[in-house]
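# Report on the structure
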Amino acid sequence: MRRVTWLGLALLTLCLLGTQATVGFTQAKPPITVALVAAMSGGSALSGEAIKRGLSVAIDEINARGGLLSGRTLELVVRDEEGNPSKGVTGARDVIEREKAVAVFGGLHSPVGLAMLPVFHELKVPYVGTWAAATAITRNGRSPNFMFRVSANDDIVDHFLAKHVIEKLGKRKPGVILENTPWGASNQEGLTKWFDRLGARPVGFEKFNWGDPDMSPQLLRLRQGGADAIVMIANAPEGAQVVKSRAKIGWDVSTVSHWGISGGRFPELTGELSESVVFVQTYSFFGKQSDVGERVIAALKARFAVKGPEDILAPVGTANAYDAMHLVALAIEQAGAADGSKVRDALENLGEHRGLIKTYRRPFTPEEHDALTENDYILVTWRQGKIVPVTMK
Amino acid sequence: MIVQLVFSGLALGSMYALVALGYNITYATSRTVNFAQGQSVMVGAVVAYALYVGAGWPFVPSVLATLLALAALGVLVERVAVRPFLASASIAWLLATIALGVIAENVAMLTFGKDARAFPSSLAQRAVTVLGAGVYPHELLVPVVGVALMVLVELAFRRTLAGRALRAVAFDHDAARLMGIDVTRTISVAYALSSVLAGVAGILLAPLLNVSATMGTTLGLKGFAVAIIGGIESARGIVVAGVLYGIVEAIVAGYLGTGVREIVGFALVVLVLLARPWGLFGVAAPRRV
């Protein structure tokens, strides 16, 4: 009996020593953790998956080069916020306090990004948005500002859309149809401002609720008001109903849209009507690619069930996230430490970087925390269910 | 513009009426309704989508299988969420059916996904012009089927033995039981029937609304409003109220703006409740004290 106990103790000691040894070994080069807090389930799950893919491809590249800070590998942890702001807050705290993330990437939902904002300032870790476009996420009046973004910004998108309608299409009386949500309101503000600066006044701002089946009353009001173009702020299901109602009342009018309709199955819901809408994206994997683009597509093909650009669903998520990860990596290297505050400072002072979407001269400055500007947006449409740049038609 | 709005309202209103007919059948027999009726519509659309589009079955077997599944669902709802609470005269069935609806919605999100999917219909591809207004032929199908179902339900209630049993149960549970009618089973049948109606609505509306886990939520609510306005015990009243409600909604949205649509719509419900608690077409029941 006693002998058995001794043997057992000896064995236990050996085991402990063994684990100690391995722990000691990894502690020499602990990985650097970055986190993604985004919608990984529910209606916007596609966007979360696309962002995760973009981050993963960039992380693979960085780790293959030997990691950061002389040999520390990058590691990604993911939390699902389910589109729920309070879950986003919990997730952000969790990845920073327990997982020691030095930077947190954000997903599609603006309300979640806005809700997490105080957490990043309290815990002093930078947030880098890869999708959510609400203006106030980055332009929040905080100093130092921990919120960065490699994605569109409603205010800039609204200027882009307004300019297209007035200058390219030569229309003077746009009608706006938008969803009855904070996102809709954010764009109503932006569009009012920019149309006004361009000397035009929208004939109306018509609203709809999520799930509304028929948008013809709203469209009839715009048509009665004399609208000569439609600006649409909608996600895929409601955007589809707008386009179908427009066809129903036999109104052949130019329709330009924010990018919400690219987050779902718009072409499936509208058929060939999808080709009558042009909308905004930050990147397209179709057409001639730079060598970075070729490399990313090849990596996506190798790692995921992707055969070509048509299989890259929610492409802006992947493209924005890929560039965002590389910019964060540069900042970590420049900061010389896996420390949130230092990484934040470094982000504001990065040099030139050849990314996927563009070559960033100086991605962020203390005043400008949006890495993408209006010049980086492209206008696209659907052709046979695929997103293609308008210039290619 | 007015013609266009009336057509829009007609299609929408008949959708509400279709859903509301389901409330009518169960309320008449058991004084309870399935508050998850909107979600039953969704289940109908999702099951039909899974069979017809997903599994590639031909249309008719898909529809039959869907309706069978919905009948089973109705029986289940009654057994789980209604029957246990009937005896105690509590209104726990109200919460229980709402809970089942939430469960159904979340199960659909998990299995079907939350993306809206298109349900193909050759009648919803191209709009035609009627009286100067554009309309998808499928939209005209909704009121036709709605009225047909209403007539069918009324005839079945009056002419068939089972229908008479349903009416007898509606009239007085104890008297019906004394006459040898199996009241429990009759209520179960009413739930199955109501659920089948929801299934028909789901299949019929799928091409217009697209199929999604949340497609039934608003429909269920508006359907109930219509049932209240029309008089929950009158199938005819429900159909008339449904169409009127849809048209009022469209006209208010078209002339006053979409912002006031729900305000006017639901204010109407309150007004009707105040003026005629038994609904526009219902009959005031003498209160037995």
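For the structure, check the block above.
Residues numbered from 1 in each chain as written. Chains lettered and ligands numbered in written order. Predicted model: local features only at pLDDT ≥ 70, side-chain atom pairs only at ≥ 80, totals over all residues.

A few words now on the sheet that holds strand β5 (residues 147-149) of chain A. All names here are of chain A. If you trace the five strands from one edge of the open sheet to the other, you get β2-β1-β3-β4-β5, paired in parallel fashion. Each end of this open sheet is capped by a strand with a single partner; those strands are β2 (74-80) and β5. Averaged over all pairs of adjacent strands, the angle between strand axes in this sheet comes to 25°, irrespective of strand direction. Sheet analysis places strand β1 (residues 32-38) next to strand β3 (residues 104-106), joined by three bridges and oriented parallel. Looking at β3, one finds that Val-37 is bridged to Gly-106. (Pairing = 2+ DSSP bridges. Helix = DSSP H or I, 4+ residues; strand = E, 2+ residues; numbered from the N terminus. Axes fitted to C-alpha atoms, helices over the stretch in contact; angles between N-to-C directions.)

A word on the interface of chain A and chain B. The partner chain B presents 29 residues to the 25 residues of chain A that form the contact. When residues of the side of chain A that touches chain B are traced back to their parent elements, those giving at least two are β7 (204-208), α8 (216-224), α9 (236-248) and α10 (266-270) of chain A. (Contact = placed C-beta atoms within 7 Å.)

Moving on, we come to helix α8 (residues 183-209) of chain B. All names here are of chain B. Helix length check: α8, at 27 residues, gives a terminal C-alpha distance of 37 Å against a target of 39 Å (1.5 Å per residue), a fit within 8%. A bend of about 30° at Ile-203 is the largest found in α8, and the proline Pro-207 appears one to four places after it. Across the 27 residues of α8, 24 count as buried, placing the element largely inside the fold. Among the residues trailing α8, Asn-210 stands out with phi positive, at a value near 70°. (Expected span 1.5 Å × (residues − 1). Bend = angle between axes of the 7 residues up to and from the residue. Buried ≥ 20, exposed ≤ 12 C-beta atoms within 10 Å, placed from the backbone.)

The subject of this paragraph is the sheet that holds strand β13 (residues 378-383) of chain A. Residues and elements named next belong to chain A. The strand order across the open sheet formed by seven strands is β7-β6-β8-β9-β10-β13-β14, and the pairing between neighbours is mixed. Two strands in the sheet have a free side with no partner beyond their single neighbour: β7 and β14 (386-389). Within this sheet the neighbouring strands show an average axis-to-axis angle of 30°, counted without direction.

Our next topic: unusual backbone geometry. Looking along the chain, the bond that leaves Ser-143 of chain A and enters Pro-144 of chain A is cis, with omega of -5°. Looking at where Pro-144 of chain A falls in the secondary structure, it is placed in the loop between α5 (135-138) and β5. At Lys-124 of chain A, a position not held by glycine, the phi torsion is positive, near 55°. For Lys-124 of chain A, a count of 15 C-beta atoms within 10 Å translates into the label partly exposed. The backbone of Leu-131 of chain B shows a phi angle near 50°, a positive value even though the residue is not glycine. By the element assignment, Leu-131 of chain B lies in the loop between β1 (128-130) and β2 (133-135). Accessibility expressed as a C-beta count within 10 Å gives 9 for Leu-131 of chain B, which makes it exposed.

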